[in-house]
Amino acid sequence: MKTSTATDPLVAAVDQGTSSTRFLVFNAKTTEVVSQHQVEITQFFPKEGWVEEDPKEIIQSVYECIERVCEKLGQLNIHLSNIKAVGVTNQRETTVVWDKDTGEPLYNALVWLDLRTQSTVESLISKSPGQNKNHIKHKTGLPISTYFSAVKLRWLLDNVEDILPQVRSSSEIYACMKSSSLSGVPISGSAALVGQMCFTEGHAKNTYGTGCFLLRNTGSKPVMSKHGLLTTVAYKLGEEQPACYALEGSVAIAGAVVRWLKDNMGIVQSTSEIESMAAAAGTSHGCYFVPAFSGLYAPYWEPSARGIICGLTQFTNRNHLAFAALEAVCFQTREILDAMNQDSGVPLDQLWVDGGMTSNRLLMQLQADILSIPVVRPTMAETTALGAAMAAGAAKGVGVWDLSAGQHPEVASETFEPLINPDESEFRFSRWKKAVQKAMNWETTEPCCHSNGLGKKMNGTSWGVPASPSVPRRN
């Protein structure tokens, strides 16, 4: 966190993620973080495969982060009028609808990991020609999957009243703040690739958070993937500017695997402990961990996959499991990168990275080793929020950031070079692929009978689950 002069223009960003909300203020001249605050978010699991969050808690966490940062700026003798705009980056496929008259949420937020729409997905695929999950990909750039908001909106349409949003560009004024200490400050959109300065076709970056999200700039024309990736809009920097497109690969479980080791298994006491444990082992000792807790996303799009740990021996200990968990994040990224290289025909020569997990130096070195290319980590890790701030600062009517060619700010970085033989990398990756196949087709929609007489279906209600929290269902 850096100091700022009293007159420097500032741009802020709300970074609303799966496990926490942050509010950051950047110096528009230097891109340095002036101040920030973070609040954790509670997740609810009312049924097996269901993942929800309370929209009121989310919005309250935003207000809290804003107010705390405003207090910190006051302590630094920085006037709030220096903040010229606020960008927003969020969970994207997490879906929530609000009553347009009362401003109240109509139901809990359905988190992107949620699997309640699996029966809808299966029904849509079964009705598609050839039962092809990619049947509408030529129109949407997406396979039919529980991951995306469309099937979540279908569920909400069937269960609650609905409101649909308006599509806008990444860099224009949507509205102005109505509450908090920043009342009247313009609000704009987000553009993750912008924060890494990935304005050139072929540039790519990976964000390591609860999941992993790898984006590769494909230029002014959308590229339809033939290898399990998504076609998406990277950014559109203004209402009258052309859209820039990207290929995207999404990994469901990245940082969430560390949280699982801590909260569910008690193998680590804190998320930071996993690096020292994995470093103590120095290897997984042939242990491979496929964390398919919510199925597998890109490039497989296989909802029936489930988590698996294989290659265990009597010698395996918790340090080896910690190492295998970090490797799993890297192997999943490798699968996406390979698919991107196949789709583009031009191998990526380096990968830019950001997100909370990138503070783990061992993970970054493992990633470079497994990809066999350099991994570039900015010294300022909050580039997703920076991208939102830059898009907001460049919006017409704000104009404190110039994103035209040659005007992009430079961000200091550290490079992790591969340190292992490519043959060793290929061997470990092939073993990972073998483990992935073991995880496939684990869950089915057929009833499972147990000796105690209890049975369940994948999409049925599990026994012993807590009631749905906070936001009541409206029929």
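Conventions and cut-offs
Residues numbered from 1 in each chain as written. Predicted model: local features only at pLDDT ≥ 70, side-chain atom pairs only at ≥ 80, totals over all residues. Heavy atoms only, no water. Helix = DSSP H or I, 4+ residues; strand = E, 2+ residues; numbered from the N terminus. Buried < 20%, exposed > 50% of the residue type's maximum accessible area, 1.4 Å probe, protein only. Contact = heavy atoms within 4.5 Å. Areas by Shrake-Rupley, 256 points an atom, 1.4 Å probe, with all protein chains shown as cover. pLDDT = per-residue confidence, 0-100. Axes fitted to C-alpha atoms, helices over the stretch in contact; angles between N-to-C directions. Parallel < 35°, antiparallel > 145°, perpendicular 65-115°, else oblique. Nonpolar A, V, L, I, M, F, W, Y, C, P; charged D, E, K, R; others polar. Salt bridge = Lys/Arg side-chain N within 4 Å of Asp/Glu carboxyl O. 1 Å grid on protein atoms, 1.4 Å probe; cavity = no way out; pocket = protein on both sides within 12 Å on 5 of 7 lines; lining within 4 Å. Points joined across faces, edges and corners; volume = space filled by probe spheres on them. Pairing = 2+ DSSP bridges. Right-handed = clockwise from strand over helix to strand, strands pointing away.

Engineer: Could you give an account of the overall build of the protein, with specific residues and numbers?
Structural biologist: Within the protein, the regular secondary structure consists of 11 helices and 19 strands. Its C-alpha atoms give the protein principal-axis dimensions of about 70 × 60 × 45 Å. Scored against the burial criterion, the 475 residues of the protein give a buried share of 53%. In the protein, of all internal contacts separated by at least 6 residues, the share reaching a separation of at least 24 is 70%. Total accessible area on the protein is roughly 21400 Å²; 52% of this is exposed by carbon and sulfur atoms.

Engineer: Before we move on, can you summarise the confidence of the model for the protein with the specific residues and values?
Structural biologist: Per-residue confidence for the protein gives a mean pLDDT of 87; residues scoring 70 or more make up 90%. pLDDT under 50 marks residues 449-475. Its contacts with residues more than four places away, or in other chains, come to 56 contacts.

Engineer: So what about unusual backbone geometry? Which residues, and what values?
Structural biologist: Residue proline 299 follows alanine 298 across a cis peptide bond; omega there is -5°. Positioned with a positive phi, methionine 197 is a non-glycine residue whose angle comes to about 60°. Residue position: methionine 197 is located in the loop between helix H5 (192-195) and strand E9 (204-208). Here methionine 197 falls in the buried class, since its relative accessible area comes to 16%. Positive phi is not limited to glycine here, since serine 372 has a value of about 60°. Looking at the secondary structure, you find serine 372 in the loop between helix H9 (361-371) and strand E16 (375-378).

Engineer: Can you break down the packing of helix H7 (residues 273-281) against helix H8 (residues 318-344) residue by residue, with the values?
Structural biologist: Their axes nearest at 7 Å, the elements H7 and H8 cross at an angle of 110°. In terms of orientation, H7 lies roughly perpendicular with respect to H8. Facing H7, whose interface residues are Glu273, Ile274, Met277, Ala278, Ala280 and Ala281, H8 presents Arg318, Asn319, His320, Ala322, Phe323, Ala325 and Leu326. The class makeup of the residues in the contact of H7 with H8 is nine nonpolar, two polar and two charged.

Engineer: Got a sec to walk through the pattern of salt bridges? Specific residues and values, please.
Structural biologist: The tally for this structure, following the rule as stated, stands at 21 salt bridges. Here glutamate 248 and arginine 92 are joined by a salt bridge, their closest N and O atoms 2.4 Å apart. Linking glutamate 248 in strand E12 (residues 244-251) with arginine 92 in the loop between strand E5 (83-89) and strand E6 (109-110), this pair joins segments that are 156 residues apart in sequence. Looking at glutamate 248, the relative accessible area reads 4%, which means it is buried. Residue classification places arginine 92 among the partly exposed positions, given a relative accessible area of 41%.

Engineer: Which residues make up empty space enclosed by the protein, and what values go with them?
Structural biologist: Summed over the entire model, instances satisfying the criterion amount to one cavity of 30 Å³ or more. Here the largest cavity defines a volume of roughly 50 Å³. Every residue along the wall of the largest cavity is listed here: Val251, Leu296, Tyr297, Ala298, Pro299, Tyr300, Gln332, Glu335 and Trp432. Of the residues assigned to the lining of the largest cavity, the class counts are seven nonpolar, one polar and one charged.

Engineer: An account of the pairing of E16 is needed here, citing residue identities and associated values.
Structural biologist: Residues Val375 and Arg377 line one face of E16 and the alternating positions Val376 and Pro378 line the opposite face, and both faces are buried. As judged from the two bridges shared by strand E15 (residues 351-354) and E16, these two strands associate in the parallel manner. Across the sheet, residue tryptophan 352 finds its bridge partner in E16, namely valine 376. After leaving E15, the chain enters H9 and then returns to the sheet as E16, a path that is right-handed. Across four bridges, E16 lies against strand E17 (residues 413-416) in antiparallel orientation. Looking at the pairing, valine 376 lines up with threonine 415 of E17.

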